[in-house]
Amino acid sequence: MRVLVSGYYGFANGGDEAIALSIARELKARGHTPVLLSANPAHTAQLCGCEAVPRMNPLALARELRRANLLLSGGGGLLQDKTSARNLTYYLGLIRLARLLRTPAAVFNQSIGPLTVRGETRVRRAVAGLPLIVRDRGSLRTLETLDLHGRLGGDPALLLRPSSGLVRDPQSVVIAPRGDVTASLAPLRELTGRLQAQGRRVVALALMPGADSEAAQALGADTVLDSADPQLLLDTIAASGYVVGVRLHALILAAAAGVPFAGLSYDPKVQGFCTDAGAPVHTVTPDVGLLLEQVQQGVGFDEASVDEMKERARQSFDWALEAARS
C-alpha cells in the first residue's frame, strides 16, 4: 500500500522530525511504502529512508494523492487555528482534495485544537465520516463536542528506541525550553542554577534550532545541544536521569526512553500528554522549589500508562490501514 503522510515535516523541528521518522519506520516494517510531504524533501527522504515530495506544490500533491492508497493526516498538532488559520486551511484542504479524488484518508494521532468557533465548524465539516485517531484523551473530548467519534491512539514518536550501549547518568538533567514561551525562561534558569549547586549536570536542548537556540543558551546549562536530529535528541535524553520540558516532544521522547519527566504546559497538548502519562505538569511559571523536589525524587510517569500509550500507537497503524482497505 502506498501511504501519503501529511505533517509539519522538513521544518527542522525535532519533535515533528521524530514523528516522521517513526511513521516511516512503522509503515515500512508493515510492508507499505511511505511518502512524506515535506518542506525539505531531500532532507526528509534521507532522514526517514523513504520517498518525500514538496508539500506546497499543487501538481505534486494532486499526483501523489491519485497514486496513494491512503492519506494519513498527522501526526502532530495540525488541526488547530491557534497559531494560524492558514495552517488549518492547508491541512483541511489536503483532506478535502483526497476526498474529491476518492483517496481514503484518516486523521492520524493528532491533537485536536485549540480551535476558534469558526475553526470548529471547518474541522467538523471536513473530517466527518473519516477515521479519527487522536493521541490524547483531551482531543477525544474535543471531538465529542464537535459531534464526532474518535479513537485513542498515541504519538508515533513513542515507538522510537534509543541506540544500544547508552550509559545513563542519573545526575544529568535535560531541560528543553521553547523560544516563544518567554515566561518560562526565568524559572528554568533558576532551576538550572539550583541543580548545578547540588552537583547535577544540566543539558539544555534546543529541539527547533533557531527558534529555541537563544532560550537554550540563556539557561546557563553545562551543555547546550542545538539539533533537530530525532535520534540524537532521543539518545541524549535516554542518557540522562530526568527531563523537564516545555517542548512536548522532549517529554514524549523521555517516555519513549523510560526517563522520568515533568512538563511545563504552554498548550493543552502538553497538559494532555502529561495527564495521560501520569507525569507531573506545571504552568509555564512553575513553583521552582516544587519542581526541584520532583527532579530530586525522580517523580515521573506511570509506567503502565505509558506502556498502554505505546501499544495504542502501534495498533493505530493497523487501525488506519484497515480503514483504508475497507
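Just so it is clear, the structure is predicted and the values come from calculations on it, not from any experiment.

Re the overall build of the protein chain
At step 1: Helix and strand counts for the protein chain stand at 13 helices and 14 strands.
At step 2: Its C-alpha atoms give the protein chain a radius of gyration of 19 Å, near enough to 20 Å, the size a compact globule of 326 residues would have.
At step 3: Counting only C-alpha atoms and orienting by the principal axes, one finds that the protein chain spans roughly 60 × 40 × 35 Å.
At step 4: Counting over 326 residues, the protein chain shows a buried share of 58%.
At step 5: Put simply, of all contacts in the protein chain between residues at least 6 apart along the chain, 68% involve residues at least 24 apart.
At step 6: Carbon and sulfur atoms provide 50% of the accessible area of the protein chain, an area that totals close to 12,900 Å².
At step 7: Charge separation in the protein chain, taken as the distance between the mean sites of 34 positive and 31 negative side-chain charges, equals 8 Å.

Some words on the pattern of salt bridges
At step 1: In total, this model carries 14 salt bridges according to the counting rule given.
At step 2: Here R178 makes a salt bridge to D180, at a shortest N to O gap of 2.7 Å.
At step 3: Three or more residues are tied together by salt bridges with common partners; here these are R2, E51, R63, E64 and R67.

Concerning the environment of M208
At step 1: Within the secondary structure, M208 is located in the loop between strand 10 (201-206) and helix 8 (213-218).
At step 2: Residue classification places M208 among the buried residues on the basis of a relative accessible area of 16%.
At step 3: Along the primary structure M208 and G15 are separated by 193 residues, whereas in three dimensions their C-alpha atoms are 8.2 Å apart.

Some thoughts on the sheet that holds strand 11 (residues 223-226)
At step 1: Read from one edge of the open sheet, six strands run 11-10-9-12-13-14, paired in parallel fashion. Each edge of the sheet is formed by a strand with only one pairing partner; in this case those strands are strand 11 and strand 14 (281-282).
At step 2: Taken together, the two bridges between strand 13 (residues 261-264) and strand 14 define a ladder with parallel strand orientation. Bridge pairing in strand 14 places G263 opposite V281.
At step 3: Across the sheet, helix 9 (residues 230-238) lies against strand 9 (172-176), strand 10, strand 11 and strand 12 (242-245), angled at about 160° from strand 10, the strand it touches most.
At step 4: Sheet strands touched by helix 10 (residues 248-257): strand 9, strand 12 and strand 13. Its angle to strand 13, the strand with the most contacts, is close to 165°.

Looking at empty space enclosed by the protein
At step 1: What the rule picks out here adds up to one cavity of 30 Å³ or more.
At step 2: Within this model, the largest cavity holds a volume of roughly 40 Å³.
At step 3: In terms of lining residues, the largest cavity is bounded by S111, R135, D136, D155, L248, I252, K269 and F273.
At step 4: Elements that contribute at least two residues to the lining of the largest cavity include exactly helix 10 and helix 11 (268-277).
At step 5: The residue makeup of the lining of the largest cavity, split by class, is three nonpolar, one polar and four charged.

Overview of the packing of aromatic side chains
At step 1: Scanning all chains against the criterion turns up five aromatic pairs.
At step 2: Ring centres of F108 and F317 lie 5.0 Å apart, and the angle between their planes is 70°; on these two criteria the pair is classed as edge-to-face. Here F108, found in strand 6 (residues 105-112), pairs with F317, found in helix 13 (residues 303-325); they are 209 residues apart in sequence, far enough to count as distant. F317 matches F108 in its accessibility class, with the two residues each being buried.
At step 3: Between F261 and F301 the ring centres are 5.7 Å apart and the planes differ by 25°, which places this aromatic pair in the stacked class. Remark: F301 occurs in the loop between helix 12 (288-297) and helix 13 and F261 occurs in strand 13; sequence separation between them is 40 residues.
At step 4: Among the residues examined, F261 registers a relative accessible area of 0% and is labelled buried.
At step 5: Aromatic ring contacts, followed pair by pair, group F261, F273 and F301 into a single cluster.
At step 6: In this arrangement the basic side chain of R55 is found over the ring face of Y90, its NZ or CZ atom lying 4.4 Å from the centre.

Comments concerning the nonpolar core
If you look at soluble globular proteins, the nonpolar side chains tend to sit buried side by side.
At step 1: Counting residues in each nonpolar core, the largest one holds 80 residues, and the members touching the most others are I175, L191, L205, V243, V244, F261 and F273.
At step 2: The greatest single-element share of this core, amounting to nine residues, is contributed by helix 10.
At step 3: With near-sequence residues (within four places) excluded, V244 lies in contact with V174, I175, A176, L188, L191, A262, L264, L291 and V295.
At step 4: By size, the runner-up hydrophobic cluster in this structure holds 32 residues, among which are V53, A126, V134 and L140.

Digging into the side chain of S240
At step 1: With respect to the helices, strands and loops of the structure, S240 is situated in the loop between helix 9 and strand 12.
At step 2: Of the residues examined, S240 reaches a relative accessible area of 0% and is grouped as buried.
At step 3: A polar contact is formed between the side chain of S240 and the backbone oxygen of I237, at a distance of 2.7 Å.

Reading the values: rules and limits
Residues numbered from 1 in each chain as written. Predicted model: local features only at pLDDT ≥ 70, side-chain atom pairs only at ≥ 80, totals over all residues. Heavy atoms only, no water. Helix = DSSP H or I, 4+ residues; strand = E, 2+ residues; numbered from the N terminus. Rg over C-alpha atoms; globule rule 2.2 N^0.38 Å. Buried < 20%, exposed > 50% of the residue type's maximum accessible area, 1.4 Å probe, protein only. Contact = heavy atoms within 4.5 Å. Areas by Shrake-Rupley, 256 points an atom, 1.4 Å probe, with all protein chains shown as cover. Lys, Arg positive; Asp, Glu negative; His and termini not counted. Charge placed at Lys NZ, Arg CZ, Asp CG, Glu CD. Salt bridge = Lys/Arg side-chain N within 4 Å of Asp/Glu carboxyl O. Pairing = 2+ DSSP bridges. Axes fitted to C-alpha atoms, helices over the stretch in contact; angles between N-to-C directions. 1 Å grid on protein atoms, 1.4 Å probe; cavity = no way out; pocket = protein on both sides within 12 Å on 5 of 7 lines; lining within 4 Å. Points joined across faces, edges and corners; volume = space filled by probe spheres on them. Nonpolar A, V, L, I, M, F, W, Y, C, P; charged D, E, K, R; others polar. Phe/Tyr/Trp six-rings, centres within 6.5 Å; stacked < 30°, edge-to-face > 60°. Lys NZ or Arg CZ within 6 Å of the ring centre and 35° of its normal. Core = buried A, V, L, I, M, F, W, Y, C linked by side-chain atoms within 4.5 Å. Polar contact = N/O pair within 3.5 Å; in protein donor to acceptor, adjacent residues only side chain to side chain.

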